[in-house]
Structure formats: C-alpha cells, structure tokens
Amino acid sequence: MAWEQRWHPLREEWVIIASHRNNRPWSGKTTDKIASKPDYDADCYLCPGNTRVGGHENPQYDGVFSFDNDHPCVGMDSPEPEPASGIYKNQPARGKARVICYSAKHNLTLAELAVNEIDDLLAEWQKQYTELSAIPDVKHILTFENKGHEVGVSNPHPHCQIYANNFVFKTIETEVNASVNYRAKNDCNLFSDIIKSEKEDGRRVLFENDNAIAFVP
Ligand SMILES: [Zn+2]
C-alpha cells in the first residue's frame, strides 16, 4: 500500500494518490468497440439529414458541422431568477452552448479522423472561440468532449460541446492565479517547468514531437 501526497502545481494544493487502487477489481463496463457500427444511423440526431429534438433538420453536411445546442444549459436571454434567500446567491446563467460534430460519419472517433479533418476541426474550434468571445457577456469559453456510455453520453456520433459563459470557472481562475504566483516567485513560466519536469522524469509521457507533448500528470 502506498498512499502518497503530491503537490498539484496548477491548483496549489496537496492531492492524494493511492496507486495500488489501480489493482482493485473492476466489475463495471468496459468501453464499447464502435468500429463495427454503421457510418450512418437513422436514429442519431447528429447524423446528416436527420431531425433533432426540437424539430431542426441537420443539413447533408460533410466534415465539421456546428449548431446551437437544442437543450442549452445557458442562454443569452436568460431571465432574472427569483432572488435566492438566506445564505444563497443567484444570477442568470447567460451565454451560449454549441455542439460540433467532427464528421458526418457516425462510427468514427477523433483519433480515427484523417489529419486534414483534424485540421478542419481545430480551425472550427478557433472560429467558434473568436466568434463567441466577441459576445459582450461572455467571460469564458470551454470546449470539451464527454465520451462514452460510462460518463453518460448516449450518442456515439463524434462530437464535442462548447460552453460560452458569463463567468470564469473556478478551476480556470485557480490555474491562472497559480501561474501568476509562480512567475512572481520563480521568474519563469509554470507550464514550461511542468513540461521540463515531465520530460526529465519521462514515465508519464505518452507522446512527444517537435511541437507537442502529451502526458498524464
Ligand atoms: Zn450519427
């Protein structure tokens, strides 16, 4: 048994790592193989030409396709809520929620796209970021993909979501503050030092080339 505290430089706090827990029995589901699924599914609300909940019909798109989420968690015209009582506070959750399909093909994942298709997706992320950040109320933009049944995503069609919010998430605020503090104290960039340490150690590096590095910190 090896319980270990590790300093999380981006959160500026101690976290607990219990590596032996990786050996605990796993009786949950394993990830579905989707390679055997067809490249079009008539019941999928993201496939080209299909009708989404709310009645919008997807165009016969080819490549990347973006649209406003039909069930957004935020809205630009969100009304003032009833004032909260006691210790609680509230305000309207303003912003935009969008969905981006990576491909017209239902059965692909990001990793299976051709390099030029990944290029197109990156260009779309940039375009969305520029467009959404120009909205006066928007303070923060999060592009993310939840993937797989295991995290509650019922639709395997390759897609991600964007939340453009009227506030900055606490995690981001914490990381930005940690970066500022680190520079003030050490006169160098926190992320450069994280990468330097990961390269020196090497055990957690998954991939590296001249332009990018991927590791599991
Ligand atoms: Zn689909």
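Since the structure is predicted, the reported quantities are computational estimates derived from the model, not experimental observations.

S.K.: How would you summarise the overall build of the protein if you had to cite specific residues and measurements?
M.R.: Assigned secondary structure in the protein consists of 3 helices and 8 strands. Reading the helices (α) and strands (β) of the protein from amino to carboxyl end gives β-β-β-β-α-β-β-α-α-β-β. Across its three principal axes, the protein shows a C-alpha extent of roughly 55 × 50 × 40 Å. Counting across all 217 residues of the protein, residues that qualify as buried make up 10%. Taking as baseline every contact in the protein between residues at least 6 positions apart, the subset at least 24 positions apart corresponds to 57%.

S.K.: Requested: an account of the domain arrangement of the protein, with residues and values cited.
M.R.: What the domain assignment lists for the protein is domain 1 (35-76 + 90-168) and domain 2 (170-217). Each of domain 1 and domain 2 has a C-alpha centre, and the two are 28 Å apart.

S.K.: How would you summarise the pairing of strand S4 (residues 95-101) if you had to cite specific residues and measurements?
M.R.: The buried fraction of S4 is high, at 5 of 7 residues. The pairing of strand S3 (residues 65-68) with S4 spans 4 bridges and is classified as antiparallel. The residue bridging Asp68 from the neighbouring strand is Arg98, located in S4.

S.K.: Please set out the environment of Asp187 residue by residue, giving values where relevant.
M.R.: Its location among the elements puts Asp187 in the loop between helix H2 (170-186) and helix H3 (190-201). In this structure the C-alpha to C-alpha distance between Asp187 and Asp41, which are 146 residues apart in sequence, comes to 54 Å.

S.K.: Go over the sheet that holds strand S5 (residues 140-144), please, and point to the residues and values.
M.R.: Pairing within the open sheet is antiparallel, and its 4 strands lie in the order S3-S4-S6-S5. For this open sheet the edge positions go to S3 and S5, each flanked by a neighbour on one side alone. On average, each strand axis in the sheet is tilted by 20 degrees relative to the strand beside it, whichever way the strands run.

S.K.: Can you tell me about the pairing of strand S2 (residues 13-18), naming the residues and giving the values?
M.R.: Across the 6 residues that make up S2, only a small minority, 0, are buried. Sheet topology places strand S1 (residues 3-8) next to S2; 6 bridges connect them, and they run antiparallel. Bridging across to S2, Trp7 finds its partner in Trp14. Counting the residues that bridge the hairpin from S1 to S2 gives 4 residues, and of these Glu12 lies at a positive phi of roughly 50 degrees.

S.K.: Hey, could you go over H2 for me, with residue numbers and the actual values?
M.R.: With 17 residues, H2 ought to run about 24 Å at 1.5 Å a step, and its terminal C-alpha atoms sit 24 Å apart, in line with that. For H2, the tally of buried residues reaches only 0 of 17 residues, placing the bulk of the element at the surface. The positive-phi residue at the C-terminal boundary of H2 is Asp187, with phi of around 55 degrees.

The rules we used
Residues numbered from 1 in each chain as written. Predicted model: local features only at pLDDT ≥ 70, side-chain atom pairs only at ≥ 80, totals over all residues. Helix = DSSP H or I, 4+ residues; strand = E, 2+ residues; numbered from the N terminus. Buried ≥ 20, exposed ≤ 12 C-beta atoms within 10 Å, placed from the backbone. Contact = placed C-beta atoms within 7 Å. Domains from an automatic or database assignment. Pairing = 2+ DSSP bridges. Axes fitted to C-alpha atoms, helices over the stretch in contact; angles between N-to-C directions. Expected span 1.5 Å × (residues − 1).

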